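# Coordinate analysis (summary)
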Amino acid sequence: MKPATNVRAYRGFFGITLLCLFILYAPLVVVTVYSFNDSRSITVWEGMSLRWYADVFVGPESGKFKEAAFNSFTIALVAATVATAIAVTSATAIVRAGRFRLRMPSLGLITLPIMVPEIVLAVATLIFFNSIGISRGYLTILIAHIAFCIPFAYLPVQARMQGLEDTFEQAAMDLYATRFQAFRRVLLPLMIPGIISGFLLAFIVSLDDFIITNFVKGAGVETLPTAIFGSVKQGIKPNIMAISTMLLGVSVIMVAISYFAAKWDNTK
Amino acid sequence: MSQVAEIAVDVQNAVKRYGDFTALKSISLGVYHNEFFTLLGPSGCGKTTLLRMIAGFEDVTEGAIFLFGTEIDALPPNKRPVNTVFQNYALFPHMTVLENASFGLEMLGKSRAEAKARAGEMLELVQLSQFASRKPAQLSGGQQQRVALARALAPSPKVLLLDEPLSALDLKLRKAMQIELKHIQRETGITFIFVTHDQEEALTMSDRIAVMSAGELQQLGAPREIYEHPQNRFVADFIGETNLIEVTISEVADGRAKCRIGGGHVIECDAPGQASGSACLSVRPERMVLSAGNASGIAVPARVVENIFVGTDIATWLKVDGGPEISVRISNSARSTIFEPGANVFVNFEAGAARLLMD
Amino acid sequence: MAGGGVQKGRGPVSETYAPVRYPLLVPAWAVLLVFVAAPVAMMLVYSFLTKEFRGGVIWEFSLAAYDQFFFDRGLFGDEPPRIEWTYITIFWRSIWQAGLATLLSLLIGFPTAYFIATRPKDTRAIWVFLITIPYWVNLLIRTVSMRFLLREQGPLNDTLLALGVLDEPLRLINTNLAVQLGLFYSYLPFMVLPIYAAVERYNFTYSEAAADLYATKWATLRRVVLPAVKPGVIAGCILVFVPSLGAFLAPDLLGGAKNFMIGSLIEEQFKGNAGNWPFGAAASMILLTLVLIALLVATSLQRRAEGPR
């Protein structure tokens, strides 16, 4: 391909793409590198060390971080599981149950949590729990996370279901399967890549959340983001960079799984 | 076929409407037991809709469908003893070939062993036993087609529905599968209802054909009957090649009509009951011959426009004096005379070769 | 946009599960009505209540929250009302910051998306993957990393000083630019992905036709490519603008007190005893209204860009 005759190529776009990737990755790389810094100060480089990773697990703040990590991961696991289950049933109703009056309103309701700004949803949820007299804690965080994770679990599930022709289930019912058997034996297995993507997205969104959690958590219960935020307010310390790097690793693993789930087309 | 033909599927005044759109306008037809029955028509004519109504994937807006005397139109597809071979096969991609073929029997409550055994027999019937443990994606199009057939036959349906099952195959494979399908139909003795838009395929395979257009049944009959005696202009035009010549009927007597072609030439041919006014004459290109002089029978003067070589035949396009353009097929052999463009000739045909169509 | 492409108008929709459609929807309706819709309605109610001094509300109707937002009636509330600029300024600054962040994302995101979409098919997925990875990384961690990078004694300044590009360190932290960079960094993938999808669908024969008719490259881009991919551009802009408008972390961690945005204003009303819940609810309602307006404008622009089909 000679550039002179290629009407698609624009000079400079490649450079901007590299700049874009640089901006996206530079902060992450810097934090990862400095998490291995042996120094107590974050400004001076004093050689490689794992001391801040050790500090996260056995240091003075380790108890707080372990509890926060436990909260974060259990909440993300439960919230993503429940949200994905709800996403699958509602996608079946919206993609596979014909037209009906409540179809578009249902879709609107399901996507509502991503249309409303997060801070507004946080305020609304806080006010709601306060007005019905539920005291804030682990349970309120969990409920709020289930609610706002639903659209994130829903969209990949819906996309996958729309990509699957309904002749598979029709063939199953033609071969004497009941509606439930057609769902269980044919639709659900074919949905697995979409379900994995939806679950992972919901999981990461729950793990990621700071604002809503910060509003509904109440005193004493922390998740990793609220614990990190509280710590950062007093200045960035090296142990925070170690935690960040570990969380970054978790994200990269998740994104890799999701990438392969998306590529995995079990209809072929 | 049995002496007193039993009716397998009886469609009575079936109507299908989607909102304001009417896909089927009151269709009635009966399919005999053990018959290879074809629904033929261009896309959008309603043939697939009718098939899906028999299978149970579409509700019947009005009318009724009976299967061996039992009304089935209110039953869900899994309660109807009919099976479908889908256009894109719809083989379950996450199951092996054998699991696909035994699915129906398992759903009917047969034990896994029994279902697998019967499925194995069916795979043998379609000569795919050695592929039993493969996934559908590992098979060729023709093989997938046969798995779909085995899967639909395994539960021994009372009627097998086939929705354009050969359309995804290339020409050569399609011809082979046509013969194989016909063979399997004879061997199993199951009633086949076959949907296609390919008139040649329909003529080759069917015991009877229902020609459909715009949601209506145009003609129902054996292939030869439909080809030789089309009832209307649509059927004449859709089945095979034909010349449709606009004529004016000047006189009808003793079941014979005198028809005037545009330029003034008059042809006499058999007339249907209500013949009068303007009509249309259908003459197949292969039923006409060309000659230099005035021969016996019907002879229409015309001028040769062009000769087109089409392999076995030569298609000669002619302009009838003061009338339409027509085509005549001359067999490509040493004995045939080919007239050069510009030559004045006579187009000869038997009176029986022309069919007068009122609509 | 968020409808995710469910068939709306014509065309058949599969009816396999039609008889059980309502049971299937019960869980979603139950959770979302109770824990999303009802709370938003409750927030609207709270914005019309009287504030309790130690946080919370007194159940007495009052317009005080909205009045406080728009009008200044003096220290004792007895002076003739004047326009109160404090909160309007914060909102205006938020709109402005979010707008600049969106513009920055567009300027960098469009060429990136275009470049990726014109890669050979087999390498395209890798580029898209590279753009999406940061989105999966915790937003707080990304913002903290940005803060660390931009600090006065941070790696950016160190590098630039060492290279001799600068004589004295740049003061980036606690500036508007830092907030814009943070917002840009937070939501850039949302800009790239819809534009990428649009460019990928674009038929490059149009570009060839334009070039054939003597258009320069930039004329082709402006007059042929851009109009064709406009719906994607609008979707990208709205996906960056809306979350930027209500963002909390980037302004809080990168902007500092001088560069207060809506998110921080609202958050402050619910912290400890100093807060004012009705005022926070009212500010949230105003933010929600702004977002709805932005969505409506985007939808109508998009409809116009797509033209009659």
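Residues numbered from 1 in each chain as written. Chains lettered and ligands numbered in written order. Predicted model: local features only at pLDDT ≥ 70, side-chain atom pairs only at ≥ 80, totals over all residues. Heavy atoms only, no water.

An unreviewed UniProt entry lists chain C under the name ABC transporter permease, with Pseudaestuariivita atlantica given as the organism. UniProt, in the comment section headed Subcellular location (unreviewed entry), describes chain C in these words: "Cell membrane". Turning to chain C, the UniProt annotation filed under Sequence similarities (unreviewed entry) states: "Belongs to the binding-protein-dependent transport system permease family. CysTW subfamily." (UniProt positions renumbered as here; feature names shortened; annotations may be inferred.)

By the naming in an unreviewed UniProt entry, chain B is Spermidine/putrescine import ATP-binding protein PotA, taken from Pseudaestuariivita atlantica. As recorded by UniProt, the Catalytic activity (unreviewed entry) comment attached to chain B reads in full: "ATP + H2O + polyamine-[polyamine-binding protein]Side 1 = ADP + phosphate + polyamineSide 2 + [polyamine-binding protein]Side 1."

As a further point, take the overall build of chain B. Helix and strand content of chain B: 8 helices and 20 strands. Taken along its principal axes, the extent of the C-alpha atoms in chain B is 75 × 45 × 40 Å. Evaluated residue by residue, chain B yields a buried proportion of 51% over its 359 residues. Put simply, of all contacts in chain B between residues at least 6 apart along the chain, 65% involve residues at least 24 apart. For chain B, the accessible area works out to roughly 15,900 Å², and carbon and sulfur atoms hold 49% of it. One finds the centroid of the 34 positive side-chain charges in chain B at a distance of 4 Å from the centroid of its 41 negative side-chain charges. (Helix = DSSP H or I, 4+ residues; strand = E, 2+ residues; numbered from the N terminus. Buried < 20%, exposed > 50% of the residue type's maximum accessible area, 1.4 Å probe, protein only. Contact = heavy atoms within 4.5 Å. Areas by Shrake-Rupley, 256 points an atom, 1.4 Å probe, with all protein chains shown as cover. Lys, Arg positive; Asp, Glu negative; His and termini not counted. Charge placed at Lys NZ, Arg CZ, Asp CG, Glu CD.)

Our focus in this paragraph is the overall build of chain C. When helices and strands are counted, chain C shows 12 helices and 4 strands. The proportion of buried residues among the 309 residues of chain C is 50%. Intrachain contacts of chain C at a sequence separation of at least 6 include 64% that bridge at least 24 residues. Here chain C has roughly 15,000 Å² of accessible surface; of this, 64% comes from carbon and sulfur atoms. Charge centroids of chain C, computed over 25 positive and 20 negative side chains, lie 10 Å from each other.

A few words on the interface of chain B and chain A. Listed as interface residues are 26 residues of chain B and, on the opposing side, 20 residues of chain A. Taking both partners together, chain B and chain A bury about 2,100 Å²; carbon and sulfur atoms supply 63% of that area. Linking chain B to chain A there are 8 residue pairs in polar contact (both at pLDDT 80 or more). Mapped by element, the contributors of at least two residues to the side of chain B that touches chain A are strand S6 (82-85), helix H2 (97-107) and helix H4 (141-153) of chain B. With 4 residues, H2 of chain B is the largest single contributor of residues to the side of chain B that touches chain A. (Buried area = accessible area lost by both parts, 1.4 Å probe. Polar contact = N/O pair within 3.5 Å; in protein donor to acceptor, adjacent residues only side chain to side chain.)

All names here are of chain A. Taken together, the side chains of Val 29, Val 33, Trp 45 and Met 48 define a hydrophobic patch exposed on the protein surface, amounting to about 400 Å² of accessible area. As for its position among the elements, Val 33 is in helix H1 (residues 13-35). Its relative accessible area of 40% is what places Val 33 among the partly exposed residues. (Patch = residues over 30% accessible without salt bridge, like charges linked within 9 Å, V, L, I, M, F, W, Y side chains within 5 Å. Salt bridge = Lys/Arg side-chain N within 4 Å of Asp/Glu carboxyl O.)

A few words now on the UniProt feature "transmembrane region" (unreviewed entry) in chain C. Residue and element names in this part refer to chain C. Here the UniProt-annotated "transmembrane region" (unreviewed entry) positions come out as residues 28-49, 95-117, 123-141, 232-250 and 279-301. Each end of residues 28-49 is marked by a C-alpha atom, and these two atoms are 30 Å apart; helix forms 86% of the span and strand 5%. Taken end to end, residues 279-301 comprises 100% helix and 0% strand; its first and last C-alpha atoms sit 33 Å apart.

This part covers the layout of surface pockets. When its volume is computed, the second largest pocket comes out at roughly 1,200 Å³. Around the second largest pocket sit 41 residues that line it, and Gln 170 of chain A, Arg 52, Phe 57 and Glu 58 of chain B together with Glu 15 of chain C are the ones nearest its centre. By residue class, the composition of the lining of the second largest pocket is 15 nonpolar, 12 polar and 14 charged. (1 Å grid on protein atoms, 1.4 Å probe; cavity = no way out; pocket = protein on both sides within 12 Å on 5 of 7 lines; lining within 4 Å. Points joined across faces, edges and corners; volume = space filled by probe spheres on them. Nonpolar A, V, L, I, M, F, W, Y, C, P; charged D, E, K, R; others polar.)

Right, let's talk about the pattern of salt bridges for a bit. Residue and element names in this part refer to chain B. Enumeration according to the criterion identifies 30 salt bridges over all chains in this entry. A salt bridge links Glu 58 to Arg 52, with the shortest nitrogen-to-oxygen separation between them at 3.2 Å. As far as the burial class goes, Glu 58 and Arg 52 line up, both buried. Between Lys 182 and Asp 207 there is a salt bridge, and its shortest N-O distance comes to 3.7 Å. Placement of Lys 182 in helix H5 (residues 171-188) and of Asp 207 in the loop between helix H6 (199-205) and strand S9 (208-213) is noted, with a sequence separation of 25 residues between them. Through salt bridges with shared partners, one network takes in Arg 256, Lys 258, Glu 268 and Asp 270.

Another aspect to go through is the UniProt feature "domain: ABC transporter" (unreviewed entry) in chain B. Here the UniProt feature "domain: ABC transporter" (unreviewed entry) sits at residues 9-239 of chain B. Annotated as residues 9-239 of chain B, this span is 36% helix and 27% strand, and its ends, taken at the C-alpha atoms, are 25 Å apart.

A separate point is the nonpolar core. Burial of nonpolar side chains together is a common tendency in soluble globular proteins. Residue and element names in this part refer to chain B. Counting residues in each nonpolar core, the largest one holds 228 residues, and the members touching the most others are Val 9 and Ile 193. Setting aside its immediate chain neighbours within four residues, Val 9 contacts Leu 29, Gly 30, Val 31, Ile 54, Ile 65, Phe 66, Leu 67, Val 159 and Ile 193. With 35 residues, the next largest nonpolar core counts Ala 152, Leu 153, Met 177 and Met 205 among its residues. (Core = buried A, V, L, I, M, F, W, Y, C linked by side-chain atoms within 4.5 Å.)

The strands that make up a sheet are held in pairs by hydrogen bonds between backbone atoms, and each pair lies either parallel or antiparallel. Residues and elements named next belong to chain B. Taken in spatial order, the 4 strands line up as S2-S1-S4-S5 in an open sheet, and their pairing is antiparallel. In this open sheet, the two strands that pair with only one neighbour each are strand S2 (21-32) and strand S5 (70-71). Sheet topology note: the strand S1 (residues 7-18)/S2 ladder contains 8 bridges and is antiparallel. Within S2, the residue paired with Val 11 across the bridge is Leu 29. Along the sheet, helix H1 (residues 47-55) makes contact with S1, S2 and strand S4 (62-67), crossing S1 at roughly 115°. (Pairing = 2+ DSSP bridges. Axes fitted to C-alpha atoms, helices over the stretch in contact; angles between N-to-C directions.)

The next thing to look at is the packing of helix H5 (residues 118-131) of chain A against helix H1 (residues 21-46) of chain C. Axis separation between H5 of chain A and H1 of chain C bottoms out at 8 Å; the angle between their running directions is 85°. As the angle between them shows, H5 of chain A and H1 of chain C are arranged roughly perpendicular. Across the interface between the two elements, Val 120, Leu 121, Val 123, Ala 124, Thr 125, Ile 127, Phe 128, Phe 129, Asn 130 and Ser 131 of chain A from H5 of chain A touch Val 34, Phe 35, Val 36, Ala 38, Pro 39, Val 40, Met 42, Met 43 and Tyr 46 of chain C from H1 of chain C. By residue class, the composition of the contact of H5 of chain A with H1 of chain C is 16 nonpolar, 3 polar and no charged. (Parallel < 35°, antiparallel > 145°, perpendicular 65-115°, else oblique.)

Under the defined criterion, the tally for this structure stands at 41 aromatic pairs over all chains. Ring centres 6.3 Å apart and planes at 45° place the aromatic pair Phe 73 of chain A and Phe 203 of chain A in the tilted group. Separated by 130 residues along the polypeptide, Phe 73 of chain A in helix H3 (residues 62-95) and Phe 203 of chain A in helix H8 (residues 179-208) bring together distant segments of the chain. The ring of Tyr 227 of chain B is capped by Arg 284 of chain B, whose NZ or CZ atom sits 4.0 Å from the centre of that ring. In this arrangement the basic side chain of Arg 142 of chain C is found over the ring face of Tyr 185 of chain C, its NZ or CZ atom lying 5.9 Å from the centre. (Phe/Tyr/Trp six-rings, centres within 6.5 Å; stacked < 30°, edge-to-face > 60°. Lys NZ or Arg CZ within 6 Å of the ring centre and 35° of its normal.)

Among all residues save glycine, negative phi is the norm, and among peptide bonds the norm is trans. Residue and element names in this part refer to chain B. A positive phi is found at Ser 26, a non-glycine position, where the angle reads about 50°. Looking at the element boundaries, Ser 26 is found in strand S2. Look at Ser 26 and you get partly exposed, because its relative accessible area is 40%. The residue Ser 156 is not glycine, and still its phi comes out positive at about 50°. By relative accessible area, Ser 156 is classed as partly exposed at 44%.

Residues and elements named next belong to chain B. If you walk across this open sheet you meet the 6 strands as S6-S7-S8-S3-S9-S10, and the pairing is mixed. In the strand order of this sheet, the two ends are held by S6 and strand S10 (216-221), each with one partner. On average, each strand axis in the sheet is tilted by 20° relative to the strand beside it, whichever way the strands run. Relative to strand S8 (residues 191-196), strand S3 (residues 36-40) runs parallel, the two being bridged by 5 bridges. Within the sheet, the bridge partner assigned to Leu 39 lies in S8 and is Val 195. Along the sheet, H4 makes contact with S6 and strand S7 (159-163), crossing S6 at roughly 175°. Helix-sheet contacts for H5 involve S3, S7 and S8, and the interaxial angle to S8 is about 160°.

Attention now goes to the domain arrangement of chain B. All names here are of chain B. The domains assigned to chain B are domain 1 (7-235) and domain 2 (241-357). A separation of 39 Å is found between the C-alpha centroids of domain 1 and domain 2. Contacts between domain 1 and domain 2 engage 8 residues on the former and 8 residues on the latter. Across the domain 1/domain 2 interface, buried area totals approximately 740 Å², and carbon plus sulfur atoms make up 42% of it. Looking at the side of domain 1 facing domain 2, the largest losses of area belong to Tyr 227, Pro 230 and Arg 233, adding up to 72% of the total buried there. Across the domain 1-domain 2 interface, the total number found is 2 salt bridges. Across the pair Arg 233 and Glu 246 runs a salt bridge whose closest N-O atoms are separated by 3.0 Å. Of all the elements, helix H7 (residues 223-228) adds the most residues to the side of domain 1 that touches domain 2, at 3 residues. Looking at the side of domain 1 that touches domain 2 residue by residue, the class counts come to 3 nonpolar, 3 polar and 2 charged. (Domains from an automatic or database assignment.)

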